[in-house]
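Below are the chains, spelled out letter by letter.
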Amino acid sequence: MNFILRILDLVNHFQNYVASSGLDLSQYGSYLYLLILAIVLIPAVVLGILQVRTKYYGVLVSVGMAVLLVWFTRLGMGYFLLFLALEIVLISVYSYIRKKKKNKCLYFLFLIASILPLLSFKASALAGYDFFGFLGISYLTFKAIQMIIEIYDGAITSVSIFRLFYFFVFFPTLSSGPIDRYRRFDEDINRKISRKDYLTDYLPNGIRKIVMGIGYKFVLAYLINTYWLTTIPADHSFAHIFSYMYAYSFFLFFDFAGYSNFAVGTSYILGVKTPNNFFLPFLSINIKEFWTRWHISLSKWFGDYLYSRITMNFMRKKLFKSKHSASYTAQVITMFTMGLWHGFQWYYLLYGLYHGLLLVISDFYERKCPLHKKNKDNFAYQCIQVFVTFNIVCFGFLIFSGYFSK
Amino acid sequence: MKEKIIAILEDVCESTDIRDNPDVDLFEAGLLDSLGIVSLLIELETSFGLQLEPTDVDRKQISSVDNIVAFLKSKGCN
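In terms of regular secondary structure, chain A is built from 16 helices and zero strands. Here chain A holds 406 residues, and the buried ones make up 42% of them.

Our focus in this paragraph is the overall build of chain B. A count of helical and extended segments in chain B gives four helices and zero strands. Taken from the N to the C terminus, the helices and strands of chain B come in the order α-α-α-α. The C-alpha radius of gyration computed for chain B amounts to 11 Å, which stays within 12% of the reference 12 Å derived for 78 residues, consistent with globular compactness. Buried residues in chain B amount to 28% of all 78 residues. Relative to all contacts within chain B whose residues are 6 or more apart in sequence, the contacts with residues 24 or more apart total 51%.

In this section: the nonpolar core. The biggest cluster of nonpolar side chains holds 110 residues, and the ones touching the most others in it are Ile148(A) and Leu40(B). If sequence neighbours within four positions are ignored, Leu40(B) has contacts with Ile8(B), Val12(B), Leu32(B) and Ile62(B).

The next point concerns the interface of chain A and chain B. Listed per partner, the contact involves 14 residues of chain A and ten residues of chain B. Every element with two or more residues in the side of chain A that touches chain B is listed here: α6 (137–153), α12 (296–316) and α13 (323–342) of chain A. For the side of chain A that touches chain B, the leading source of residues is α12(A), giving nine residues. Each residue belonging to the side of chain A that touches chain B can be placed in one class, and the counts come to four nonpolar, four polar and six charged.

Residue and element names in this part refer to chain B. Averaged over all residues, the pLDDT of chain B is 89; the fraction at 70 or higher stands at 100%. Within chain B, the lowest mean pLDDT, 83, falls on helix α2 (residues 17–20), and the highest, 93, falls on helix α3 (residues 34–48). As a predicted assembly, this complex carries a pTM of 0.89 together with an ipTM value of 0.92.

Right, let's get into the packing of helix α7 (residues 161–169) of chain A against helix α8 (residues 182–190) of chain A. Residue and element names in this part refer to chain A. The contact between α7 and α8 brings their axes to 10 Å, and the two run at 105°. When the axes of α7 and α8 are compared, the pair comes out roughly perpendicular. Counting all contacts with α7, which are made through Arg163, Tyr166 and Phe167, the residues of α8 involved are Tyr182, Phe185, Asp186 and Ile189. In the contact of α7 with α8, the residues fall into five nonpolar, no polar and two charged.

Now for the environment of Ser120(A). Residue and element names in this part refer to chain A. Position of Ser120 among the secondary structure elements: in helix α5 (residues 104–127). Remark: the alpha-carbon pair of Ser120 and Lys196, spanning 76 residues in sequence, is separated by 47 Å. Sequence-distant contacts of Ser120, that is, excluding residues within four places in its chain, are made with Phe131 and Phe132.

Another aspect to go through is the packing of helix α4 (residues 77–100) of chain A against α6(A). Residues and elements named next belong to chain A. Close contact between α4 and α6 brings their axes to 9 Å; oriented N to C, the two are set at 5°. Taken together, the axes of α4 and α6 lie roughly parallel to each other. Between α4, through Phe83, Glu87, Ile91, Tyr94, Ser95 and Arg98, and α6, the contact on the second element is made entirely by Ile137, Leu140, Ala144, Met147, Ile148, Ile151 and Tyr152. Split by residue class, the contact of α4 with α6 holds ten nonpolar, one polar and two charged.

Another aspect to go through is the environment of Ser15(B). By the element assignment, Ser15(B) lies in the loop between α1 (2–13) and α2. In this structure, Ser15(B) is in contact with Glu10(B) and Leu31(B), ignoring residues within four places of it in sequence.

Attention now goes to the confidence of the model for chain A. Per-chain confidence: chain A averages 89 in pLDDT, with 91% of residues scoring 70 or above. Counting interchain partners and residues more than four positions distant, the pLDDT-below-50 stretch residues 13–28 of chain A has 29 contacts.

Here the focus is unusual backbone geometry. With the exception of glycine, most residues fall at negative phi, and the peptide bonds are largely trans. The linkage connecting Gly177(A) with the following residue, Pro178(A), adopts the cis geometry, with an omega of 5°. Considering the arrangement of structural elements, one finds Pro178(A) in the loop between α7 and α8. Of note, Leu280(A) is a non-glycine position whose phi angle comes to about 45°, a positive value. Inspection of the secondary structure assignment puts Leu280(A) in the loop between α10 (238–269) and α11 (287–290). Although it is not a glycine, Glu14(B) sits at a positive phi angle of roughly 50°. Within the secondary structure, Glu14(B) is located in the loop between α1 and α2.

What counts and what doesn't
All residue numbers refer to positions counted from 1 along the written sequence of the respective chain. Lettering for chains starts from A, numbering for ligands starts from 1, and both go in the order in which the items are written. With the structure being a predicted model, the display of local features is reserved for residues of pLDDT at least 70 and the display and counting of side-chain atom pairs for 80 or more, all residues being used for whole-chain, interface and lining totals. A helix here means a DSSP run of H or I that spans at least four residues, while a strand means a run of E at least two residues long, and both kinds are numbered starting from the N terminus. Buried residues are those with 20 or more other C-beta atoms within 10 Å of their own C-beta, exposed residues have 12 or fewer, and partly exposed residues lie in between; C-beta atoms are placed from the backbone. The globule rule used for comparison is 2.2 Å times the number of residues to the exponent 0.38, while the radius of gyration itself is calculated over C-alpha atoms. Whether two residues are in contact depends on their C-beta atoms, placed from the backbone: they are in contact if these lie within 7 Å. Residues enter a nonpolar core if they are buried, belong to Ala, Val, Leu, Ile, Met, Phe, Trp, Tyr or Cys, and are joined to the set through C-beta atoms within 7 Å. For this classification, Asp, Glu, Lys and Arg are treated as charged, while Ala, Val, Leu, Ile, Met, Phe, Trp, Tyr, Cys and Pro are nonpolar and the rest, including Gly, are polar. Values of pLDDT, which run from 0 to 100, indicate the predictor's confidence residue by residue. Fitted lines through C-alpha atoms serve as axes, helices being fitted only where they are in contact, and the angles separating the N-to-C directions of these axes extend from 0 to 180 degrees. By definition in this entry, angles of less than 35 degrees are roughly parallel, angles greater than 145 are roughly antiparallel, angles of 65 to 115 are roughly perpendicular, and the rest are oblique.

Here it is, written out as structure tokens:
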């Protein structure tokens, strides 16, 4: 029983993508990681100055760091290697098969196979034990799915196993993203960066982002957690719910945006311009804009590989009378899946559904409501919009936090 | 071809702004959102006999009438 509780605890810690960054260790562990990182990045900087492509060093260092990261979480090294082998084989084999013929059944077979590890993990976690869990599985699965889809499309025509391997083990984004795309990543690692560009763009911006990331995560998020979030009493009084909602939302932002900045900055130093994940999300004017500012790589991924494709299929097959109905349906499906991706717990599903419905309602409101049409260029009205959006979003995070299941 | 595209965009964006100003950046002017992009791709599919997926195009390629013309030409359309 104790053993199961320990596993549940570990898995819980795992599934909360806030804590899954691997950087959230004891103070000693965090500093050790930073030290190792600094040492490991120095050769990368040297290579950049010498105008040498960093990819070979990058793979070496990624393998080393990946081993460290996965080892630090004390769980899943075997699964990590198994997963890597599985996905690399799947993608290489499918790339070969696809060159011979474009078969939809084969496509779905490979697609499902690539998602199986993640599904097994999430299902087993819900049942209370761990199967196939390792740091980064949720994020690496996106990379696999994305590649299989683009191989089917014909957008990716050939795969080098070495660059495929690098795409997967690239350590800055290993644990929690941002989620990159194979073609974009591949272009970056093969690009010859001039010394001038490296010293005026990649290096200073990389360092700046790392410093910002450290500030957000190890200072701001740490302070919010220590002096606010964890001081809120456990009973669910109205005041406590209120306080928890904002505390959690700010903590989540600074912790995750901090990690993301750190990841992006580190990858810049390695010559890869990993896309940003956040851009002033709490200043969003409506829910649609929010999803272009929060966990951007995730929402773009779901937008390109799920929402847009579902909507296009609906429209091609003329399943809906109006394009808006098609879009609304696709949005709810997409957001629900996004919730599901976080985990099979009811509050993740509710979170997804919540945002799906919000997107539908807010779009309908903005298209049909005379009050909106009359005032949308009014500054005061826009401020109210931002305020309302902020609160709606924070309530969503409250659901997401699992607060109501405690 | 340019005329065809302007007509498609008028329909998709539900706006005559494009006819009045054919060089407008569709994204900056807020004329195209994600549903708009999907609708546009569908129209281009049916009008020019293409098969398009959302990840086959990046935003820049469809951000203006001229860019769309260039994109279609690169796909071998007339």
